[in-house]
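Listed below, chain by chain, are the residues.
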Amino acid sequence: MLRCLHPGFSLLIFSRNSVFMQIADFLISVIRSIGVTQGFSLVGGMAMHLNRAAGQNLEIIYCNHEQAVVAAADGYSKASDFALPGLAIVTSGPGVTNTVTSLASAYYDSVPLILLAGQVKTADVNHFGVRSYGAQEVPHHELLQPITKLSFTYHPSSAVSYTHLTLPTKRI
C-alpha cells in the first residue's frame, strides 16, 4: 500500500522502500507493466503531469479532439485483438465530457480501455455547493460511472495501490 503526499503542486506517493514518484508516473508505470506501449492524448493544462509521464515512457499519438483520442484508444485495443487496453489521456472538464460518446461505444463493445483525465487543483475543487466553481470542474466520476466498469477520482489524502488498477482477465 502506498501513502500519498501532496507538497504544493507536486503529487507524490511514498512506498515502503522510501522511493518517491509522482502519481502520474505511478499510473503510467502500471499501464506500461501490462504491456501498453502506445497512448493517445490531447494535451490540456489539467493533464500536464499525465502527459509528461506518458510522453517519457510511451509512444504518444496526439489527436485533435478528445472524442478522437478515445476512438483511437478503442482501435488500439481492437488491433491487439483485445489483449491490451487502449490508453486515452485528456484534460478535465470539457476534455472529459467530449469523451463520452467514444467511451460509451467502447464500453458497450466490451473494449478494454483506460481513460486518464486530469483534474482541477485541490484548491479549486468546489466546496461552496454551487453547480461549478470553475470552467474545468465537472463531476467526472458521476458522469462516467454508468459507461465504465470502474471510475474513481484520486484524492491526495487517499491511498493509491495497484488494486485500483486491476484489469479483468477476460472480456465480459
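Scroll up a little and you will see the structure.
Residues numbered from 1 in each chain as written. Predicted model: local features only at pLDDT ≥ 70, side-chain atom pairs only at ≥ 80, totals over all residues. Heavy atoms only, no water.

A. Expanded view of the nonpolar core. Ranked by size, the top nonpolar core spans 37 residues in total, and within it I28, L50, V69, L87, I89 and L116 carry the most contacts. Elements that contribute at least two residues to this core include exactly helix 1 (23–33), helix 2 (48–57), helix 3 (66–79), strand 6 (86–90), helix 5 (100–108) and strand 7 (113–117). Considering every element that reaches this core, the biggest residue donor is helix 1, with seven residues. Dropping the residues within four chain positions of it, L116 is found in contact with L27, I28, I31, L50, L87, A88, I89 and V90. (Core = buried A, V, L, I, M, F, W, Y, C linked by side-chain atoms within 4.5 Å. Buried < 20%, exposed > 50% of the residue type's maximum accessible area, 1.4 Å probe, protein only. Helix = DSSP H or I, 4+ residues; strand = E, 2+ residues; numbered from the N terminus. Contact = heavy atoms within 4.5 Å.)

B. Fine view of the side chain of T148. Tracing the backbone shows T148 in the segment after helix 6 (140–144). When its relative accessible area of 18% is taken as the criterion, T148 is described as buried. Here the side chain of T148 touches L144 through a polar contact of 3.0 Å, landing on its backbone oxygen. Once residues within four sequence positions are removed from consideration, T148 is found in contact with L103 and Y107. (Polar contact = N/O pair within 3.5 Å; in protein donor to acceptor, adjacent residues only side chain to side chain.)

C. Representation of the environment of F40 in the model. Mapping F40 onto the fold places it in strand 4 (residues 38–41). Overall, the relative accessible area of 7% leaves F40 in the buried class. Non-local contacts of F40, meaning those with residues more than four positions away in its chain, are made with I61, C63, V69, A72, A73, Y76, L87, A88 and I89.

D. Structural detail: unusual backbone geometry. Residues other than glycine seldom take positive phi values, yet D81 does so here, at roughly 60°. Along the chain, the position of D81 falls in the loop between helix 3 and strand 6. We note that F82 has phi near 65°; this positive angle belongs to a residue other than glycine.

E. Representation of the sheet that holds strand 4 within the structure. The strand order across the open sheet built from four strands is 5-4-6-7, with neighbouring strands paired in parallel fashion. Looking along the sheet, the strands with just one partner apiece sit at the ends: strand 5 (59–62) and strand 7. Pairwise comparison of adjacent strand axes, ignoring direction, gives a mean angle of 25° for this sheet. With five bridges connecting them, strand 6 and strand 7 associate as parallel partners. Directly across from A88, in strand 7, lies its bridge partner L115. Seen against the sheet, helix 2 touches strand 4, strand 5, strand 6 and strand 7 and runs at an angle of roughly 140° to strand 6. (Pairing = 2+ DSSP bridges. Axes fitted to C-alpha atoms, helices over the stretch in contact; angles between N-to-C directions.)

F. Quick look at the packing of helix 1 against helix 2. At a minimum axis distance of 8 Å, the contact between helix 1 and helix 2 shows a crossing angle of 40°. Judged on the interaxial angle alone, helix 2 and helix 1 are oblique. When the axes of helix 1 and helix 2 are compared, the crossing they make is right-handed. From helix 1, A24, D25, L27, I28 and R32 reach across to helix 2, where they touch H49, L50, R52, A53, A54 and N57. Residues belonging to the contact of helix 1 with helix 2 are distributed by class as follows: six nonpolar, two polar and three charged. (Parallel < 35°, antiparallel > 145°, perpendicular 65-115°, else oblique. Left-handed = near helix turned anticlockwise from the far one by under 90°. Nonpolar A, V, L, I, M, F, W, Y, C, P; charged D, E, K, R; others polar.)

G. Spatial organisation of the environment of T99. Note on placement: T99 falls in the loop between helix 4 (94–97) and helix 5. Overall, T99 belongs to the buried group, its relative accessible area being 0%. Along the backbone, T99 and L115 are 16 residues apart, and their C-alpha atoms lie at a distance of 9.0 Å. If we skip the residues at most four places from it in the chain, T99 touches E66, V70, V90 and L115. Within the structure, the side chain of T99 is placed 2.6 Å from the backbone oxygen of V96, a separation counted as a polar contact.

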